[in-house]
Amino acid sequence: MPVESGNSAAARQVKQKRKSHSLSIRRTNSTEQDRGMQRDMMEGQDSKLPMALRSNLLDLFGQIEREFENLYIENLELRREIESLNERLAGEGQTVDGGDLTKGALKTKASHSTSQLSQKLKTTYKASTSKRSNSFPGKVGGPRNFNVGNWELWGGDSWIVSSFKATTSRAVCQLVKEYVGHRDGIWDLAVTRIQPLVLGTASADHCSMLWSIETGKCLLKYAGHAGSVNSIKFHPTEQMALTASGDQTAHIWRYMVQLPLPQPPADISASLDDDGDFSDKDEADGEAEGPSECPTIRVATTTLKSHQGVVIAADWLVGGKQVVTASWDRAANLYDVETSELVHTLTGHDQELTHCCTHPTQRLVVTSSRDTTFRLWDFRDPSIHSVNVFQGHTDTVTSAVFTVGDNVVSGSDDRTVKVWDLKNMRSPIATIRTDSAVNRISVSANQRIIALPHDNRQVRLFDMNGVRLARLPRSNRQGHRRMVCCSAWNEENQACNLFTCGFDRQAIGWNINIPALLQEK
C-alpha cells in the first residue's frame, strides 16, 4: 500500500482546512440569506406573538444553528485527522480503527480503573479487624467517610434511556422503610426463615443487627466479632444466626426477639426536606437511634476457626446440620454444627473466595472467586464429592446463587449477570449486561426475579431471560447514596418483599408490585 510523504500529507491537511473554512463561509452566507427570507415570511404570517418577541426567537434559533454548524465542521476536520493518522500508522505496520479510538481503548481503560478502585475499597473494609481502618487517611475514621459516589464513572447516556422508565418504576417499586443504626457500611442482609420474621444485617462496624421489618426498630445486636461482619444467614428451622467475619472466624449464635407493636407508616419524604446530597454528618446523626436501646449478645454459641484468612461468607446446608464458609485463604470449609469439627476443605480456586451459597433443597454448594470462576460442589452422594467449574466471566465473580429450579445465577465485576442451567453447564442460557459492577444478587423464589445491586448506587430487576423489568427509584430524597452491596427477597411479607443494603450505612425495605411488574413486561 503506497504511503504519502510527510510534505504531501501536510499539504493535503492545509487544503482540507481551506476547504472546510470556505464551506463555513458559504454556510454562513446561505444561513443569513435564509434567515432574511424567513423573517420576511414571518412578517407576512398571522401570529399572536409580538413582532419583537418573534424576531428575538428567530435570532436565538439562528445562533443555535450556527453552533451546530461549527460542531459539524470541527467533527469533519477531526475525522480527516484520524484518517491521516491511520494512513501513517498503516505505513508503519500498525492499524487503529478511528471509530473505536474512543469507544474501545479509552472506555476499556476507564472501566478497568473503576473496577480496580471499587475492588480496593471493598477489600479494605472486609479485611478490617481493628476498630477503624485508616487506609484512606484524611478524615476521622478513614475509609468509612469515603464517598463511593464521587469516584464512580457513570455510563454515558444510559440515564436518558432510564429516565423514560422512571415513572413506571416508581409505580411498581416503592420505598417502605429505612433501617438506620449501623456505624459503618452494611455488607449483607437476610430475612429469617421462621416466625417471627425479622431482618438481619452484617456491617463493617463489627456488629450484626436484627430489625423489626414493620417498625424499622433494632431488636437485637450481636457484637461478638473482632472484625468486619461480612455476611449473615439464618437457620432454616431454629432461631440461630450464622455470621462470617474479617477476624478469620464464623460464629453461630442464638437469638430471641419480641416484635414491637406496629406503628403508622412515617412520611419519609417529609423528613428529607433538603434536595442536596446527604453529608456524613447527616448519617452520623442517625446513629444514636435504636442501637443504644438494643439488647446485645457478645458471646457466640459456636465459633468456627479453621481458616487462615478473612471469612467472607457462610451459609447453612439444607437441614441446618452443617455449614459452609468461604475465605480469602482460597478455600471453603464444611463444618458439623453440633461438634464444630471440620468435615471437608474445598480447594481448587486460584484466588480469594468472594461468596458461597447452598441449594435450598439439595446438598449442593456453589463458591465464587476472584479467579473469574465459580464452582459447584455436590455432596448428595456421601462417597463422591464432585466439582464442576464455571468459566464465563472476565473479572471477579462477586456472587453465585441457586434458584428454586435447576439454575444458577452469577454476578461479576465485569458488569454482567449470567443464568446457567445445571444440566448443561458449558455456556449460559442468558446474559445480562449492565453499566456497573454487580454485587451480591438474589432471586425471588416464586416469580424468579433477579435483583441486581450495583456499585453505582442503582438496583435493577430482571427476569430469568435477561429482560429488564424495572429500576428501583433513587434520588436525593430516597434510595441508596453509596454503593449497594446486597439484595434479599422476602415474598412472605407482602408489604415489604425486597431488601437492599449499602455503604451508606442503611438497609432499605421495598414494596415490589410483582403482578404489575410482570404485566408491564
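Residues numbered from 1 in each chain as written. Predicted model: local features only at pLDDT ≥ 70, side-chain atom pairs only at ≥ 80, totals over all residues. Heavy atoms only, no water.

1. Considerations on the sheet that holds strand β27 (residues 484–489)
With antiparallel pairing, 4 strands are arranged side by side in an open sheet as β1-β29-β28-β27. Edge positions in the sheet fall to β1 (173–180) and β27, since each of these pairs with one other strand and no more. Direction aside, neighbouring strands of the sheet carry axes that sit 25 degrees apart on average. Bridge analysis of strand β28 (residues 498–502) against strand β29 (residues 506–512) gives 4 bridges, and the strand direction is antiparallel. When the sheet's bridge partners are listed, T500 is paired in β29 with I508. (Pairing = 2+ DSSP bridges. Helix = DSSP H or I, 4+ residues; strand = E, 2+ residues; numbered from the N terminus. Axes fitted to C-alpha atoms, helices over the stretch in contact; angles between N-to-C directions.)

2. With respect to the UniProt feature "repeat: WD" (unreviewed entry) in the protein
Mapped onto this numbering, the UniProt entry gives "repeat: WD" (unreviewed entry) at residues 222–253, 304–345, 346–387 and 390–430. Across residues 222–253 one finds 0% helix and 53% strand; the C-alpha atoms that close the span lie 8 Å apart. (UniProt positions renumbered as here; feature names shortened; annotations may be inferred.)

3. Here we look at the sheet that holds strand β22 (residues 430–433)
What links the strands of a sheet is backbone hydrogen bonding, and the strands pair in either a parallel or an antiparallel sense. An order of β19-β20-β21-β22 is seen for the 4 strands of this open sheet, with the pairing classed as antiparallel. Edge strands, defined here as strands with exactly one partner in the open sheet, are β19 (397–402) and β22. Between one strand axis and the next, the sheet turns through 15 degrees on average, direction left out of account. Relative to β22, strand β21 (residues 416–421) runs antiparallel, the two being bridged by 4 bridges. Across the sheet, T416 pairs through a bridge with R433, a residue of β22.

4. Topic: the packing of aromatic side chains
If you walk through the whole model with that rule in mind, you get 8 aromatic pairs. Between F234 and Y255, the aromatic rings sit 5.8 Å apart at their centres with planes inclined by 75 degrees, giving edge-to-face as the arrangement. Of the two residues, F234 sits in strand β6 (residues 229–234) while Y255 sits in the loop between β8 (250–254) and α7 (280–285), which places them 21 residues apart along the sequence. Overall, the relative accessible area of 2% leaves F234 in the buried class. (Phe/Tyr/Trp six-rings, centres within 6.5 Å; stacked < 30°, edge-to-face > 60°. Buried < 20%, exposed > 50% of the residue type's maximum accessible area, 1.4 Å probe, protein only.)

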